[in-house]
Amino acid sequence: MLSLFLVAFLSATLLPGGSEVWLARQWCLGQPLLAMWLVATAGNTLGSLVNVWLGRYARHFEDRRWFPASPQGLARAERWYVRFGEWSLLLSWAPLVGDPLTVLAGIFRLPWWRAVLLIGLAKGARYALVLYLAQAWLAPLCQ
């Protein structure tokens, strides 16, 4: 289970990774369903909270040459975030857009409890779906 936690955690940060495959593998090995769901959800949520934390402190460096976003890019992100708001974190599970959304939540100072709630809901729903699909489609392959 520690490996599942680590893979889920690292997959949620800005590092590349795919925790769904590892979760399905653990399911095939017969790990307890609820424990897998809890561990994967907790690891992935905590990994996303690292992104929120990075976003909270990113603005301290926006005047540096190496800062990855231009003032125009930050203004565009802020307009987007104002339009869609904190509810956009329900897409924090999604590839390509999920990680930047969590960073934006930090940049725009979303309260921690809201970030935990919305990210946890999104990540938990995704892992529930992965486990459901594993049960539906992988059972014959795991024998």
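Check the entry above for the structure.
Note that the structure is a prediction, hence the values are computed from the model and not measured.

Caption draft 1: Seen up close, the packing of helix H3 (residues 33-58) against helix H5 (residues 98-107). Contact geometry for H3 and H5: axes closest at 6 Å, N-to-C directions at 45 degrees. In this view, H3 runs oblique relative to H5, as classed from their interaxial angle. Crossing of H3 against H5: the hand is right-handed. Between H3 and H5, the residues in contact are Ser 48, Asn 51, Val 52, Gly 55 and Arg 56 and Asp 99, Thr 102, Val 103, Ala 105, Gly 106 and Ile 107, respectively. Per-class residue counts for the contact of H3 with H5 are four nonpolar, five polar and two charged.

Caption draft 2: Summary view of a nonpolar patch on the surface. On the surface, Trp 87, Leu 90, Trp 113, Leu 117 and Leu 121 cluster together to form a nonpolar patch covering roughly 590 Å² of accessible area. Topologically, Trp 87 is positioned in the loop between helix H4 (71-84) and H5. Assessed through its relative accessible area of 57%, Trp 87 is described here as exposed.

Conventions and cut-offs
- Residues numbered from 1 in each chain as written.
- Predicted model: local features only at pLDDT ≥ 70, side-chain atom pairs only at ≥ 80, totals over all residues.
- Heavy atoms only, no water.
- Axes fitted to C-alpha atoms, helices over the stretch in contact; angles between N-to-C directions.
- Helix = DSSP H or I, 4+ residues; strand = E, 2+ residues; numbered from the N terminus.
- Parallel < 35°, antiparallel > 145°, perpendicular 65-115°, else oblique.
- Left-handed = near helix turned anticlockwise from the far one by under 90°.
- Contact = heavy atoms within 4.5 Å.
- Nonpolar A, V, L, I, M, F, W, Y, C, P; charged D, E, K, R; others polar.
- Patch = residues over 30% accessible without salt bridge, like charges linked within 9 Å, V, L, I, M, F, W, Y side chains within 5 Å.
- Areas by Shrake-Rupley, 256 points an atom, 1.4 Å probe, with all protein chains shown as cover.
- Salt bridge = Lys/Arg side-chain N within 4 Å of Asp/Glu carboxyl O.
- Buried < 20%, exposed > 50% of the residue type's maximum accessible area, 1.4 Å probe, protein only.

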